[in-house]
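Architecture and fold: a report
So the chains spell out like this:
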Amino acid sequence: SQLEALAGHELRLHRSELTRAGDGAESLLARMGIVDAEAVAFVRRDPLARKLIEGRAGKIVRASATRGGQLEELTARYAPAASDLLATHFERLSIVRSDDGHFSARVETAPLATTVRLGSGTIRSSLFGATDESGIPDAVAVQMAEAFSVDIDFHRELRRGDTFSVVYETLTADGEPITWNHAAGRMLAAEFVNKGEAHSAVWFKDDSGRGGFYGLDGKSKRRAFLASPMEFSRVTSGFSMRMHPILNQWRAHKGVDYGAPSGTPVRVVAQGTVKFAGRQNGYGNVVEVEHGNGKATLYAHLSRIDVRVGQRIDQGERVGAVGATGWATGPHLHFEFKVQGAQVDPLAMAKASEAIELSPAARQRFAGIAQQIRGQLDAAATVGATLAE
């Protein structure tokens, strides 16, 4: 009787796609296996249905069709038009064929849901290559690099075979993960094994309500000096001797060059006072910040300067943007860390700088959270190992 019931059951096929730039009604539906002239005509002429192919690409589309390829129902989910709803809601477009064969369309705004996901991966070529392979959002990869930036130089110390496990929140629209805002991937905890050494990070709010990453031992990942003046990006040359690209002779390159598109924001690595903001020979547009105790940082080749001399600025604030002013062969940031006027390795200084400590009361709260997180990270690693097999 069960076999007979299954034989008489009509399967309904659903297909999912993301809209692409330049998509028309016909090309999008054809990519989903739907060949339906009436549906194409409806999407083209109906003001609501036309939202399917208008605006930004990346809409999440799900459709069902008959065996003959005629559209029965289509749902598209995408970012709301109102910018103040981006982090909390999405718009849902529904196109339905009625029993009499006519189409109708409606658009409604619905709340996003938050879910916790586990992920893990192994480095084969790059961090983003590994997270892409594991289906982990780019926003989470960036947060991992930021959280572990003082423990690991992701540009020079990443090794093939390094592993990571991560617990993160993601926003979903009807169960589908969204990608249209930064809140789409909040990292809650991670463990990264680099060159055989394990490093942990847990998101935690202290007594003042300020959030940050801490190791499972309760030590803050935040330092008095950030490891980088830019969010995770490609380093073109490190703290070493190099051939000067314009003067064509060997000289000490006592800084770090970050290759990035013009206009990329540049942030100050620590609290301080702007000592210089202007043009400086081959360095082009330059900002120099004093941090006390003989320490100073310099940001060169900027396309713009966003601070003034004498201004007090906090860690992470924008000082300017990447450019190619002065003696620069292409857009990049030249960054220097000075102690008593002598350049030193910026990453070494970040690692040596003092960490922020939790109060005894906050430590007690953190200990309970850390115990739960340890179990989640172990589960994430297990899931990853199972998928790899």
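Residues numbered from 1 in each chain as written. Predicted model: local features only at pLDDT ≥ 70, side-chain atom pairs only at ≥ 80, totals over all residues. Heavy atoms only, no water.

**Quick look at the pairing of strand 19 (residues 295–302)**
Heads up, the rule is: Using a 1.4 Å probe on the protein chains alone, a residue whose accessible area is under 20% of its type maximum counts as buried, one over 50% counts as exposed, and one in between counts as partly exposed. Here a helix means four or more residues in a row that DSSP labels H or I, a strand means two or more in a row labelled E, and each is numbered from the N terminus. Here, any two strands with at least 2 DSSP bridges between them count as paired.
Strand 19 sits mainly inside the fold: seven of its eight residues count as buried. For strand 18 (residues 285–292) and strand 19, the ladder comprises six bridges, and the chain directions are antiparallel. Looking across to strand 19, one finds that Glu-288 is bridged to Leu-298. If you look at the hairpin formed by strand 18 and strand 19, you'll find two residues sitting between the two strands, and Asn-293 has a positive phi there, around 55°.

**Description of helix 3 (residues 37–45)**
The cut-off we apply is this: By definition, the arc is the one covered by directions from the helix axis to the C-beta atoms. Polar contacts here mean pairs of N or O atoms no more than 3.5 Å apart (in protein, one a potential hydrogen donor and the other a potential acceptor; neighbouring residues in sequence count only if both atoms are side-chain atoms).
By the burial criterion, the buried members of helix 3 are Ala-39, Val-40, Phe-42 and Val-43. Each buried residue of helix 3 sits inside an arc of 160° when the element is viewed along its axis, so together they form one side. Pointing more than 90 degrees away from the buried face of helix 3 are the exposed residues Ala-37 and Arg-45. Sitting at the amino-terminal end of helix 3 is Asp-36, which places a side-chain oxygen 3.1 Å from the backbone nitrogen of Glu-38.

**Focus: the packing of aromatic side chains**
To keep it simple, the criterion reads: Two aromatic rings, drawn from Phe, Tyr or Trp (for Trp, its six-membered ring), form a pair once their centres lie within 6.5 Å of each other, and the interplanar angle then sorts them: stacked below 30 degrees, edge-to-face above 60, tilted otherwise. Ring-over charges, as used throughout, are those where CZ of Arg or NZ of Lys falls within 6 Å of the ring centre and within 35 degrees of the ring normal.
Scanning all chains against the criterion turns up nine aromatic pairs. Ring centres 5.2 Å apart and planes at 65° place the aromatic pair Trp-203 and Phe-213 in the edge-to-face group. Note that Trp-203 is positioned in strand 10 (residues 197–205) and Phe-213 in strand 11 (residues 211–214), a separation of 10 residues in sequence. Centre to centre, the rings of Phe-204 and Tyr-214 are 5.9 Å apart; their planes meet at 85°, and the pair counts as edge-to-face. Of the two residues, Phe-204 sits in strand 10 while Tyr-214 sits in strand 11, which places them 10 residues apart along the sequence. Residue classification places Phe-204 among the buried positions, given a relative accessible area of 2%. The structure contains a cluster of three or more aromatic residues connected by ring pairs, namely Phe-148, Phe-164 and Phe-192. Across the ring face of Tyr-78, the terminal group of Lys-59 is positioned such that the distance to the ring centre comes to 5.4 Å. The ring of Trp-203 has Arg-186 lying over it, and the distance from NZ or CZ to the ring centre is 4.2 Å.

**What about the environment of Leu-118?**
The criterion, for reference: We call two residues contacting when some pair of their heavy atoms lies within 4.5 Å.
Looking at the secondary structure, you find Leu-118 in strand 6 (residues 113–122). The exposure class of Leu-118 is partly exposed, given its relative accessible area of 35%. Separated by 54 residues in sequence, Leu-118 and Ser-64 have C-alpha atoms that sit 30 Å apart. With residues up to four places along the chain from it excluded, the contact list for Leu-118 reads Val-166, Val-167, Tyr-168, Gln-376, Ala-379 and Ala-380.

**Observations regarding the environment of Asp-36**
Tracing the backbone shows Asp-36 in the loop between helix 2 (25–31) and helix 3. Along the chain, Asp-36 and Pro-360 lie 324 residues apart, while their C-alpha atoms are 66 Å from each other. Excluding anything up to four places from it in sequence, Asp-36 contacts Gly-69, Gln-70, Leu-71, Arg-97 and Phe-103. At a separation of 3.1 Å, a polar atom in the side chain of Asp-36 contacts the main-chain amide nitrogen of Ala-39.

**Section: the side chain of His-301**
Within the secondary structure, His-301 is located in strand 19. With residues up to four places along the chain from it excluded, the contact list for His-301 reads Gly-282, Tyr-283, Asn-285, Val-322, Gly-323, Ala-324, Thr-325, Trp-327, Ala-328, His-332 and His-334.

**Let's talk about the sheet that holds strand 5 (residues 103–111)**
Put simply, the rule is: The convention used is that axes are lines fitted to C-alpha atoms, helices contributing only their stretch in contact, and that angles between N-to-C directions extend from 0 to 180 degrees.
An order of 1-2-3-4-5 is seen for the five strands of this open sheet, with the pairing classed as antiparallel. Here the strands that pair on one side only, and so sit at the sheet edges, are strand 1 (13–18) and strand 5. Strand-to-strand twist across the sheet, computed as the mean angle between neighbouring axes with direction ignored, equals 15°. The pairing of strand 1 with strand 2 (residues 60–65) spans six bridges and is classified as antiparallel. Following the sheet pairing, Glu-17 is matched in strand 2 by Val-61. Each of strand 3 (71–78), strand 4 (89–97) and strand 5 touches helix 3; the most contacted strand, strand 5, lies at about 60° to it.

Everything listed is a geometric property; what it means functionally is a separate question.
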